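# Structural description and commentary
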Amino acid sequence: MSRPIKATVNTTALTHNLQQVRTLAPTSKVWRVVKANAYGHGLARCYAALAATDGYALLNYEEAILLREKGVTQPILLLEGFFKPQDLELIDAYQLTTAVHSDWQLQALADFPAKHAISVYLKINNGMNRLGFPPEALPRVWQQLNALPSVGTVTLMSHFARADEGVDYIQEPLRRLEQSTATLSGPRCYANSAATLWHPQTHHQWVRPGVVLYGASPTGRTADIAAFDLQPVMSLTSEIIAIQNVAAQEGVGYGHRYRTTTPQRIGIVACGYADGYPRHAPTGTPVSVGGKLCRTVGTVSMDMLMVDLTDCPDTQIGTTVELWGTQLPVDTVAEAAGTVGYELLTAVTQRVPFTLIV
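What you are looking at is a predicted structure, and each value in this text was computed from that prediction instead of being measured.

### Thoughts on the pattern of salt bridges
Applying the stated criterion across every chain yields a total of 9 salt bridges. Two residues, E165 and R162, come together in a salt bridge whose shortest N-O distance is 2.9 Å. Judged by its relative accessible area of 38%, R162 is partly exposed. Taking the shortest distance from any N to any O, the salt bridge between R351 and D275 comes out at 2.7 Å. Here R351 is found in the loop between α11 (341–347) and β18 (354–357), whereas its partner D275 is found in the loop between β13 (264–269) and β14 (286–289), with 76 residues between them in sequence. Here R351 falls in the partly exposed class, since its relative accessible area comes to 39%.

### Points about helix α6 (residues 103–111)
Among the residues of α6, those classed as buried are Q105, L106, A108 and L109. Buried residues of α6, seen end-on, are gathered within an arc of 160° and therefore sit on one face of the element. Tucked into the core, α6 has its buried residues touching α5 (88–93), β5 (97–100), β6 (118–123), α7 (138–147) and β7 (151–157).

### Quick notes on the nonpolar core
Judged by nonpolar contacts, the single largest core of 106 residues is most densely connected at L109, L122, L145, Y277, L323 and W324. Apart from the residues within four sequence positions on either side, L323 is in contact with L236, T237, S238, C271, Y277, P286, V287, L305, L328 and V333. Membership of the second largest hydrophobic core comes to 7 residues, among which are V246, I268, V297 and M306.

### Details of the environment of W31
Tracing the sequence through the fold places W31 in strand β2 (residues 29–33). Measuring from C-alpha to C-alpha, the distance between W31 and N192 comes to 9.7 Å, with 161 residues separating the pair along the chain. Polar contacts involving the side chain of W31 include one to the side chain of Y121, which spans 2.8 Å.

### Quick word on helix α1 (residues 11–24)
Helix length check: α1 (14 residues) gives 20 Å between terminal C-alpha atoms against 20 Å at 1.5 Å per residue, within 8%. Taken together, the buried positions of α1 are T11, A13, L14, H16, N17, L18 and V21. Buried positions along α1 lie against β1 (6–10), β2, α3 (43–46), α9 (193–198), β9 (206–207) and β18. Its side-chain oxygen at 3.0 Å from the backbone nitrogen of T12, N10 defines the N-terminal cap of α1.

### Looking at the sheet that holds strand β4 (residues 76–78)
Reading around the circumference, β2-β3-β4-β5-β6-β7-β8-β9 is the order of the 8 strands in this closed barrel, with parallel pairing throughout. Pairing of β2 with strand β3 (residues 55–58), which is carried by 3 bridges, proceeds in the parallel orientation. Across the sheet, W31 pairs through a bridge with G55, a residue of β3. Across the sheet, α6 lies against β5, β6 and β7, angled at about 135° from β5, the strand it touches most.

Thresholds applied
Residues numbered from 1 in each chain as written. Predicted model: local features only at pLDDT ≥ 70, side-chain atom pairs only at ≥ 80, totals over all residues. Heavy atoms only, no water. Salt bridge = Lys/Arg side-chain N within 4 Å of Asp/Glu carboxyl O. Buried < 20%, exposed > 50% of the residue type's maximum accessible area, 1.4 Å probe, protein only. Helix = DSSP H or I, 4+ residues; strand = E, 2+ residues; numbered from the N terminus. Arc of directions from axis to C-beta. Contact = heavy atoms within 4.5 Å. Core = buried A, V, L, I, M, F, W, Y, C linked by side-chain atoms within 4.5 Å. Polar contact = N/O pair within 3.5 Å; in protein donor to acceptor, adjacent residues only side chain to side chain. Expected span 1.5 Å × (residues − 1). Pairing = 2+ DSSP bridges. Axes fitted to C-alpha atoms, helices over the stretch in contact; angles between N-to-C directions.

As structure tokens, then:
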């Protein structure tokens, strides 16, 4: 490779994390959420390690077709449904399961001469206020869907906006769901990652975990998932490529947004925002250098960032740097940078080479 930066994906950790979810929801089937190119890990790289799942949930037809062409036979759920009536031709051809969240989709299904019965996830807006029918519309929509010859199994689907904030924020949304669906007999799929971990009363027939399968926390705090033995799947690593001995009262990096107060040993790491590291990460964001926790200094640039090596006199050019991974959880880095692990994992760019541990 031309630069020392690389992302490593541990597929054994993927398999382990799925098993941990199954332990938490032993009577539920599991949708493995692989949207956003498997949360940045690479769907084509990871799909074989996901084979023990009951189904795959994603957004893009291209990813769904990739899985079918790789020989995947499990259900594949389109989480946002279809976007144009003509998309139903692909859904029918590849036998995909689709979310339905709007009246125009009902009409499109009514007009479509399907060759195979299309499985549908009826999306309920339960306070998230993104996609879905309001609870009061459910009886009408349920009847319409079940009357259509193009429609097969209908599953009730919803999402919790605040499941990561504790049981007090799940009780009322769950009560509304149960009340509005009491007369409907279909299977349910309500639990996202947070609900899967902390709210077993939401599990029902299917759970829909996402970020936890990749070893990160729905809350953005590593400590919150410590009890579940989830393993980080991605490690982003690079190397020290230069070392500067900087005098006191000197500026470091663009805009001199960091200035030394004492002499400092500054290491230059081959990683920048063009690799997916957050430019807004402030001075003090943790970095593991040769296994020792260090801190960034100054503004992250396109191709490089700087770390304080003053307390690491033995660090040399070529020393390994972990930006996040097994030594430094992605959520810890994200929290310091004012974001969440989801964003960092999905932001790694195409110029970073990936390797697999199997």
